[in-house]
Amino acid sequence: MPTALSSPPARVVSRPVSPPRRRRSRLGPGDRQVLQVYLLTRVGLWLTAYCGAWLFPRDPQARHGASVLGVWEQWDWVHFQRIAEYGYVRATESQPGFANEEAFFPGFPMVLRGVHAVVPHWGVAGLLISLVSGAVAMVALGRIAVGRDTDTDTDTGAGAARGRRAVLLVLLSPCAVFLAAGYTESLFLAFALPAWLAALRGRWPLAALLTTAATATRVSGLFLAAALVVQFVVSRRGREASRRWRPLPWLALPALPALLYTWYLHTLTGDWMAWKHAQERGWNREFHVPWEAWANTWRAAFDGGYRSGYALMFQAELLAMAVGVTLLVVLLRRRRWPEATYLALSLWALGTSYWYMSLPRATLLWWPLWTTLAAWSLRRAWLTNTLVCALAPLTTVFALAFTTGRWAG
């Protein structure tokens, strides 16, 4: 019992517990390492392009190399800039130089026109789009390889190493130069890979919206939409509640850009198949059964009828098809039905033309390839060394071929 001289009991003051500080950035340590690798490889590609312009000028008597920006403003870029600047103009109208622009979906030109309103130089605007969208795509690829479906800093250990390895491999792939140029690959992946992450988290409206943007950029978005449908069905197995199926109508949204584009081209040309016919006129993409396409590509690669540069490109097409078919078998054996659906549709679309074209570029869009190779390489040190030693020089060769105007495929 306290006496008169005892001190009064201390008053307990309850202080509100402050909430945990919100992260200023959702980028985890693994994401930042991915971005570091991405930026360093961009610097390497730019140095390669600059040196190539001086070492291999188009004019052997030139005293100066091509401009740093000029080496990127060629090939398909010319079509994208024309569409962004003038729209889809028929070759018989005021711009007689236009040809087969209908073969290119409007997503990238629309973004290019928007960025050009802020960045006046067309070439810089295109490179900026690829730089930013490529960063988004690589972070998403790293997260897919990690197997992480949250935005918090939990990517540690083997998962983080797998994510970094997948990004490194795709950035060292021979056609990685297309991720740096003002082309559609980076922008497509910036929509497609986050869409796949959203689907893995069950955020179907977001996945559908991102896939819709991907479809506006490349026809490959339709293949991704089919994979999302398969992923949706697979994830609903054993779930009886009808509300689980309510997001299904969202997955029809990605077809809208293709339908609207088809309607627009019809109003412009009077041809409901204008996109397909432009592909046929410009790139011999009329339908052939797969074995005929393989035989035609084989003859172009090895019968000596084409210059060495073209023959090498056709050999690369054959190798890319072999890699794709092998990967498809692996995915089917592992019962990864959604990814197998995406890859199978891609192979069918590219493997049923007169001959193969753009298959090596398409490997950039096959994220299961890079995540699978990353997992294998972490378990086998010899595979890592082989991949790095084989891919690094090929990346340099392809980058030089593209930026010096000697690209043949």
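Just so you know, these numbers come straight off a predicted model, no measurement behind them.

*Asks:* Looking at this model, I keep getting lost on the environment of Arg164. Mind explaining?
*Replies:* Of note, Arg164 is situated in helix α5 (residues 158-171). Sequence spacing of Arg164 and Val37 is 127 residues, and the spatial spacing of their C-alpha atoms is 8.4 Å.

*Asks:* Explanation requested: a nonpolar patch on the surface in the structure shown.
*Replies:* A contiguous nonpolar patch, built from Leu39, Leu128, Leu131, Val132 and Val136 and spanning about 390 Å² of accessible area, is present on the exposed surface. Here the nonpolar patch gets four residues from one element, more than from any other, and that element is helix α4 (residues 122-146). Relative to the elements of secondary structure, Val136 occurs in helix α4. Judged by relative accessible area, Val136 falls into the partly exposed class, the value being 39%.

*Asks:* Sorry, what's going on with the pattern of salt bridges here?
*Replies:* For side chains of opposite charge, pairing can occur when their charged atoms come near one another. Per the stated rule, a full pass over the model turns up eight salt bridges. A salt bridge links Glu101 to Arg82; the shortest N-O distance between them is 4.0 Å. Of this pair, Glu101 sits in the loop between α2 (76-86) and α3 (107-116) while Arg82 sits in helix α2, and the two are 19 residues apart along the sequence. Residues participating in the shared-partner salt-bridge network are Asp76, Glu185, Arg218 and Arg361.

*Asks:* Looking at this model, I keep getting lost on helix α9 (residues 220-235). Mind explaining?
*Replies:* Since one α-helical turn is 3.6 residues long, residues separated by three or four positions face the same way. A rise of 1.5 Å per residue sets the reference length of α9, with its 16 residues, at 22 Å; its end C-alpha atoms lie 23 Å apart and thus fit the reference within 8%. Looking at the packing, one finds that the buried side of α9 touches α7 (184-200), α8 (204-217), α14 (337-350) and α16 (367-379).

*Asks:* Would you take a moment to explain unusual backbone geometry for this structure?
*Replies:* For residues other than glycine, phi is negative in most cases, and the peptide bonds are mostly trans. The backbone of Arg335 sits at a positive phi, close to 60°, despite the residue not being glycine. Considering the arrangement of structural elements, one finds Arg335 in the loop between α13 (308-333) and α14. We note that Ser358 has phi near 75°; this positive angle belongs to a residue other than glycine.

*Asks:* What's the story with the nonpolar core in this structure? I'm lost.
*Replies:* Most often, soluble globular proteins have nonpolar side chains that are buried together. One finds Trp72, Met138 and Tyr342 to be the most contacted residues of the largest nonpolar core, which totals 102 residues. In contact with Tyr342, not counting residues within four places along its chain, are Phe188, Ser220, Phe223, Leu224, Ala227, Leu365, Trp366 and Trp367.

*Asks:* Just checking my understanding: could you explain the layout of surface pockets for this structure?
*Replies:* In this approach a probe as big as a water molecule rolls over the atoms, and the regions it shows empty are the leftover space. The calculated volume of the largest pocket comes to roughly 1200 Å³. In terms of lining residues, the largest pocket is bounded by 49 residues, among which Gln279, Trp283, Arg285, Met357 and Ser358 are the most central. Among the elements of the structure, α2, α7, α9, α11 (274-283), α13, α14 and α15 (359-362) are those that each provide at least two residues to the lining of the largest pocket. The element best represented in the lining of the largest pocket is α14, accounting for six residues. Considered class by class, the residues forming the lining of the largest pocket number 30 nonpolar, eleven polar and eight charged.

*Asks:* Help me understand the packing of α9 against α14 in this model?
*Replies:* Between two packed helices, both the angle of their axes relative to each other and the distance between the axes serve to describe the pair. Running from N to C, α9 and α14 cross one another at 155°; their axes reach a closest spacing of 8 Å. Between α9 and α14, the angle falls in the class roughly antiparallel. Read as a crossing pair, α9 and α14 show a hand that is right-handed. Here Ser220, Phe223, Leu224, Ala226, Ala227, Val230, Gln231 and Val234 of α9 come into contact with α14, specifically with Trp337, Pro338, Thr341, Tyr342, Leu345, Ser346 and Ala349. Here the residues of the contact of α9 with α14 are counted per class, giving eleven nonpolar, four polar and no charged.

Criteria and thresholds
- Residues numbered from 1 in each chain as written.
- Predicted model: local features only at pLDDT ≥ 70, side-chain atom pairs only at ≥ 80, totals over all residues.
- Heavy atoms only, no water.
- Helix = DSSP H or I, 4+ residues; strand = E, 2+ residues; numbered from the N terminus.
- Patch = residues over 30% accessible without salt bridge, like charges linked within 9 Å, V, L, I, M, F, W, Y side chains within 5 Å.
- Areas by Shrake-Rupley, 256 points an atom, 1.4 Å probe, with all protein chains shown as cover.
- Salt bridge = Lys/Arg side-chain N within 4 Å of Asp/Glu carboxyl O.
- Buried < 20%, exposed > 50% of the residue type's maximum accessible area, 1.4 Å probe, protein only.
- Expected span 1.5 Å × (residues − 1).
- Contact = heavy atoms within 4.5 Å.
- Core = buried A, V, L, I, M, F, W, Y, C linked by side-chain atoms within 4.5 Å.
- 1 Å grid on protein atoms, 1.4 Å probe; cavity = no way out; pocket = protein on both sides within 12 Å on 5 of 7 lines; lining within 4 Å.
- Points joined across faces, edges and corners; volume = space filled by probe spheres on them.
- Nonpolar A, V, L, I, M, F, W, Y, C, P; charged D, E, K, R; others polar.
- Axes fitted to C-alpha atoms, helices over the stretch in contact; angles between N-to-C directions.
- Parallel < 35°, antiparallel > 145°, perpendicular 65-115°, else oblique.
- Left-handed = near helix turned anticlockwise from the far one by under 90°.

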